[in-house]
Amino acid sequence: VPILAAVFFLSFNRNFRKVWQELLSLCYIIGGTGIIFMLLKNPENIYYYGGIFLIFNAGYFFIKLRFLAATISGIVLLLIYNIGMIAFHTLYHIHFDYAIIANAFYISANIISAIALYNIELLERKDYYQRNQLVAKQNEIYSANQNLELKIKTRTKQISEHNSKLIE
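Not measured: the values here are computed from a predicted model. (Residues numbered from 1 in each chain as written. Predicted model: local features only at pLDDT ≥ 70, side-chain atom pairs only at ≥ 80, totals over all residues. Heavy atoms only, no water.)

## Some details on the packing of helix α2 (residues 16–41) against helix α3 (residues 46–62)
So, step 1. Interaxial distance between α2 and α3 falls to 9 Å at its minimum, and their mutual angle equals 170°. Here α2 is positioned roughly antiparallel relative to α3, judged by the angle of their axes. For the pair α2 and α3, the contacting residues are Y28, G31, G32, I35, I36, M38 and L39 in the first and Y48, Y49, G51, I52, I55, F56, G59 and Y60 in the second.
So, step 2. Of the residues in the contact of α2 with α3, the class split is 11 nonpolar, 4 polar and no charged. (Axes fitted to C-alpha atoms, helices over the stretch in contact; angles between N-to-C directions. Helix = DSSP H or I, 4+ residues; strand = E, 2+ residues; numbered from the N terminus. Parallel < 35°, antiparallel > 145°, perpendicular 65-115°, else oblique. Contact = heavy atoms within 4.5 Å. Nonpolar A, V, L, I, M, F, W, Y, C, P; charged D, E, K, R; others polar.)

## A word on the confidence of the model for the protein chain
So, step 1. For the protein chain, mean pLDDT is 88; residues scoring 70 or higher make up 98% of the total.
So, step 2. Within the protein chain, the lowest mean pLDDT, 85, falls on α3, and the highest, 91, falls on helix α5 (residues 96–167). (pLDDT = per-residue confidence, 0-100.)

## Things to note about the nonpolar core
Across soluble globular proteins, you tend to see nonpolar side chains buried next to one another.
So, step 1. Counting 23 residues, the largest nonpolar core has Y28, I52, F56, L77, Y81 and Y106 as its most contacted members.
So, step 2. Looking at this core, the elements that each hand over two or more residues are α2, α3, α4 (67–87) and α5.
So, step 3. In this structure, I52 is in contact with G32, I35, I36, L39 and Y106, ignoring residues within four places of it in sequence. (Core = buried A, V, L, I, M, F, W, Y, C linked by side-chain atoms within 4.5 Å. Buried < 20%, exposed > 50% of the residue type's maximum accessible area, 1.4 Å probe, protein only.)

## Notes on unusual backbone geometry
So, step 1. Even without glycine at this site, K64 takes up a positive phi of about 65°.
So, step 2. Along the chain, K64 falls in the loop between α3 and α4.
So, step 3. By relative accessible area, K64 is classed as partly exposed at 43%.

## A closer look at the packing of helix α1 (residues 2–10) against α2
So, step 1. Direction vectors running N to C along α1 and α2 enclose 160°, while the axes themselves pass 10 Å from each other. The orientation of α1 with respect to α2, classified from their angle, is roughly antiparallel. Judged by the twist between their axes, the crossing of α1 over α2 is left-handed. Of the residues in α2, those touching α1 at I3, L4, V7 and L10 are F16, L23, L24, L26, C27 and I30. (Left-handed = near helix turned anticlockwise from the far one by under 90°.)

## Concerning the packing of aromatic side chains
So, step 1. The tally for this structure, following the rule as stated, stands at 6 aromatic pairs.
So, step 2. For the ring pair Y60 and F61, a centre distance of 6.4 Å and an interplane angle of 50° mean the geometry is tilted.
So, step 3. Measuring from ring centre to ring centre gives 5.6 Å for Y81 and Y106, while their planes differ by 85°; the resulting arrangement is edge-to-face. Of the two residues, Y81 is situated in helix α4 and Y106 in helix α5; the sequence distance between them amounts to 25 residues. (Phe/Tyr/Trp six-rings, centres within 6.5 Å; stacked < 30°, edge-to-face > 60°.)

Below, the structure written as structure tokens:
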């Protein structure tokens, strides 16, 4: 909680934009480690399995970590889960059949989420590029319109002068 509170208060600092991915990755790993600890301590509780699954999804989609940060954090959480499972299997009476099944779901959740996040980032980059192209084209059209208006004013002035001479 102190680290999460510190990150929250740092988020009001103007320099937070420079390090927000790293800090939120750290918070993501800490939060996930808490769920993993509860899962290892009470492996019979099915809600903790869903909790860690939600943690994986949160890192990829809700927290909006970038692809690399989310993928590394997800892999770190998987490693923490497996290391904890191996280290504390006798202390907390962890059944390896639960762990193997859970690992299959968690690994697949990470892979699916990583692919989805990659595609989301790719679409956002394409959208950003297209918006920049649209703005450039709009500026080009505006400039062309300004040039046409200038030409029209010049031609109108020339025609008015010519008409004035014809009338004289």
